[in-house]
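As a plain string of letters, each chain reads:
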Amino acid sequence: MGAYIIRRLIQAFFVLLIVTFLIFIAMRALPGDPILIFLGEAETESTTEEQLQELRKEFGLDKPIMVQYANWVIGVTRGDFGESISYGDDVLTMIAESLPITLHIGSLAFILSAVLGIPAGIICAIRRGGNIDASVTLTANLGICVPVFWLGILFIYFFGLKLQWLPIQGYTSPFDDFWLSFRKSIMPVFCLSVFTLASTTRQTRSSMLEVIRQDYIRTAWSKGLKEREVIARHVLKNGLIPIVTLKGFHVRLLFGGSVLVETVFNIPGMGRLAVDAIFNQDYPIVQGVALMTALIVVLANLLVDISYGWLDPRIRYQ
Amino acid sequence: MTEQTTTTVEFSEMLPSVNPYVRFLKVFFGRKVVTFGFIIIVGLLFSALFAPQLAPYDPYEIDLDKTLLKPNWEHLLGTDALGRDTLSRIVYGTRTSLMVGFIAIAIASSVGMTLGLLAGYFGGLVNMVIMRLIDALMAFPIILKALIISALLGGGLKNVMIALGVGLISVYARLMCGQVLSVRENDYVMAGQVIGASNLRVMLRHVLPNCFPPLIVMLTLNMGAAILAEAGLSFLGIGIEAPGAAWGSMVADGYQYLLTHPVLSFAPGFAIMLVVLAFNLVGDGLRDALDPRLRGMI
């Protein structure tokens, strides 16, 4: 087990190297010049070629790509993610400010989708073909189709503008004002979780149905166990692996969704930071955000793989 | 004894009469929602092909006397800030969505399946290199990948298709690799190798066709995912250039007039949802119809 985790961590390290290297190359291959974007049109006119060279040197953009990449990797290991080209701020500080916001909204969405989705799927599977099953399945089918940004706009219109129940914009930290933070996060969290909630429900329902027809479930029933015990100890436990796999995918999906949700609700999270940085061709920020996202996604996948052995002791790691 | 024989004869006569295509169609159209999805997709293809005939107005014609009209009998969904008919723009938006979806999926599936086939068939080092690359691609949400790639290529609809295509490669590569690994174990693959068929021939003639059913399902389900992602990108302002019509950018444009003219955002978003729903329903239907466990039940 320990050897397995170490090997996976080494693999994860290489995956992160590949990710950052690909993005490093991609960002440098962009047709625009970040220095010109940084200066803006008016200043570009008045800047001489020597001054431009000076600026390139300052940001390390004059060296060969491989050297720039090596410098960046060495910097990262020391906690130095470089400076933003367009804002001049330290990239690590910018990520440290925006990542907790994305994690706050994202983890609530993740929890919501698991806490509501798994029981909903179980109920559907137990009452297969009934009214509850039909209506929940229909809602879940709609939930995986709805564009999150559009759902956010619908919510803003009905709950924000028309009913005036909830604030429509911005973010407040729960440590500053818990109640306001709670009210502000309801709509973004729900929007972000809709897809994951719906797909968790669908996956739970189908893997429960798969397990329910197994012989050992019939045995569990016939030896007189209560419904709750059959479901919790036999059905759920054996049907959990595909659900856990799906929840692993959801970590990545939530990062993607947060890009849109943060745009709609004007939340200064890491998704918004990434979009702005991509538009401004701000290499160091894109690099940093990419690394953070990939790191969390890769670690989540590792956790999922480790949990397989715990969920099903027959699974052995080599 | 006599009775038993009769039953057996009837049963064995019955089996060949169930044509696999008939069985497929029976399962597929046996569910109302799948038929519903199928009809929507046919309708969408129709409206994409005949957009000029179906749209009541020119979707690009700016009429500053008729800006921000509420829905009425002349303009069923009203007009936008430039006086363009919303319904006509939604009809033309079908073209954008379907085209981006089809081409992105074509790119993703052809590249991804090739990579997956190579990785699964050859295994070893080839598998290691390809799969680590795929892992790297998968460590990222698709929308960020597509944002970076389309920014790299310089925006525009063509580049969004490429970006989404590259973004979806990993799904196909992984699925294909898994399929090949299981198909490869079959005797007919070894038989092919034993009689001296080349690797290429075994891969293309024997392995590939047997990997198809789950891939077809994945292709359909991914159409929905690609259309959703395209909508997200055009909502963020990447892809379609003015005055072209894309549903995502229509939602974004309408957002500014949300309080007074909600229909400008609501209508195109509803169209996105309907299309994605249709592809998902048909994908589910295909999965059920192609499921070997259901064979012989009808």
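Residues numbered from 1 in each chain as written. Chains lettered and ligands numbered in written order. Predicted model: local features only at pLDDT ≥ 70, side-chain atom pairs only at ≥ 80, totals over all residues. Heavy atoms only, no water.

**Q** Before we move on, could you go through the packing of helix H5 (residues 91-126) of chain A against helix H10 (residues 227-264) of chain A and cite the residues and values that matter?
**A** Residues and elements named next belong to chain A. The geometry of H5 relative to H10 is characterised by a closest axis approach of 8 Å and an angle of 145° between their N-to-C directions. Of the two elements, H5 crosses H10, and the hand of that crossing is right-handed. From H5, Leu-99, Thr-102, Leu-103, Gly-106, Ala-109, Phe-110, Ser-113, Ala-114, Ile-118, Ile-122 and Ile-126 reach across to H10, where they touch Glu-227, Ile-231, Leu-236, Ile-243, Lys-247, His-250, Val-251, Leu-254, Phe-255, Ser-258 and Glu-262. Looking at side-chain class alone, the contact of H5 with H10 contains 14 nonpolar, 5 polar and 3 charged residues. (Axes fitted to C-alpha atoms, helices over the stretch in contact; angles between N-to-C directions. Helix = DSSP H or I, 4+ residues; strand = E, 2+ residues; numbered from the N terminus. Left-handed = near helix turned anticlockwise from the far one by under 90°. Contact = heavy atoms within 4.5 Å. Nonpolar A, V, L, I, M, F, W, Y, C, P; charged D, E, K, R; others polar.)

**Q** Hey, could you go over the interface of chain B and chain A for me, with residue numbers and the actual values?
**A** Between chain B and chain A, the contact holds 38 residues from the first and 47 residues from the second. Here chain B is connected to chain A by 1 salt bridge. Taking the shortest distance from any N to any O, the salt bridge between Arg-202 of chain A and Asp-284 of chain B comes out at 3.3 Å. Breaking the side of chain B that touches chain A down by element, the ones donating at least two residues are helix H6 (124-138), helix H7 (142-153), helix H11 (212-236), helix H12 (247-255) and helix H13 (263-290) of chain B. Looking at which element gives the most residues to the side of chain B that touches chain A, the answer is H13 of chain B, with 11 residues. Class assignment for the residues of the side of chain B that touches chain A results in 29 nonpolar, 5 polar and 4 charged. (Salt bridge = Lys/Arg side-chain N within 4 Å of Asp/Glu carboxyl O.)

**Q** A description of a negative patch on the surface should follow, citing residues and the corresponding values.
**A** Taken together, the side chains of Asp-80, Glu-83, Asp-89 and Glu-97 of chain A make up a negatively charged region of the molecular surface. With respect to the element layout, Glu-97 of chain A can be found in helix H5. (Patch = residues over 30% accessible without salt bridge, like charges linked within 9 Å, V, L, I, M, F, W, Y side chains within 5 Å. Areas by Shrake-Rupley, 256 points an atom, 1.4 Å probe, with all protein chains shown as cover. Lys, Arg positive; Asp, Glu negative; His and termini not counted. Charge placed at Lys NZ, Arg CZ, Asp CG, Glu CD.)

**Q** Could you give an account of a nonpolar patch on the surface, naming the residues involved and the relevant values?
**A** A grouping of Ile-6, Ile-10, Phe-13 and Phe-14 of chain A is seen on the molecular surface, where their side chains present a nonpolar patch of about 420 Å² in accessible area. Inspection of the secondary structure puts Ile-10 of chain A in helix H1 (residues 2-28).

**Q** Now, about the packing of aromatic side chains: what can you tell me, with residues and values included?
**A** Per the counting criterion, the structure on display carries 18 aromatic pairs over all chains. Centroid distance Phe-28 of chain B to Phe-38 of chain B: 6.0 Å. Interplanar angle 90°. Geometry classified as edge-to-face. Residue Phe-28 of chain B is located in helix H2 (residues 20-30), and its partner Phe-38 of chain B is located in helix H3 (residues 32-49); the two are separated by 10 residues in the primary sequence. Through pairs of rings, three or more aromatic residues link up here, namely Phe-21, Phe-24, Tyr-69 and Trp-72 of chain A. Lys-247 of chain A extends its terminal NZ or CZ atom over the ring of Phe-110 of chain A, reaching a point 4.9 Å from the ring centre. (Phe/Tyr/Trp six-rings, centres within 6.5 Å; stacked < 30°, edge-to-face > 60°. Lys NZ or Arg CZ within 6 Å of the ring centre and 35° of its normal.)

**Q** If you had to explain unusual backbone geometry to someone new, which residues and values would you point to?
**A** Residue and element names in this part refer to chain A. The phi dihedral of Gln-164 falls on the positive side, at around 55°, and the residue is not glycine. Its location among the elements puts Gln-164 in the loop between helix H7 (148-162) and helix H8 (178-212). Take Gln-164: its relative accessible area is 62%, and that puts it in the exposed class. We note that Asn-266 has phi near 55°; this positive angle belongs to a residue other than glycine. Tracing the backbone through its elements, the reader meets Asn-266 in the loop between H10 and helix H11 (270-280). Taking relative accessible area as the criterion, Asn-266 reaches 47% and is therefore assigned partly exposed. (Buried < 20%, exposed > 50% of the residue type's maximum accessible area, 1.4 Å probe, protein only.)

**Q** Help me get a handle on the packing of H7 of chain A against H10 of chain A, residues and values and all.
**A** Residues and elements named next belong to chain A. It is the contact of H7 with H10, at a shortest axis distance of 9 Å, that shows an interaxial angle of 30°. Taken together, the axes of H7 and H10 are roughly parallel relative to one another. Once H7 is placed against H10, the crossing between them reads as right-handed. Counted together, Val-148, Phe-149, Gly-152, Ile-153 and Ile-156 of H7 and Leu-260, Val-261 and Val-264 of H10 form the full contact between these two elements. A per-class count over the contact of H7 with H10 returns 7 nonpolar, 1 polar and no charged. (Parallel < 35°, antiparallel > 145°, perpendicular 65-115°, else oblique.)

**Q** For the domain arrangement of chain A, give the residues involved together with the corresponding values.
**A** Residues and elements named next belong to chain A. Segmenting chain A into domains produces domain 1 (2-77) and domain 2 (95-311). Taking the mean C-alpha position of each, domain 1 and domain 2 sit 33 Å from one another. With 21 residues of domain 1 at the contact, the number on the domain 2 side is 16 residues. Roughly 1,700 Å² is buried in total at the junction of domain 1 and domain 2, and carbon and sulfur atoms are behind 75% of that figure. (Domains from an automatic or database assignment. Buried area = accessible area lost by both parts, 1.4 Å probe.)

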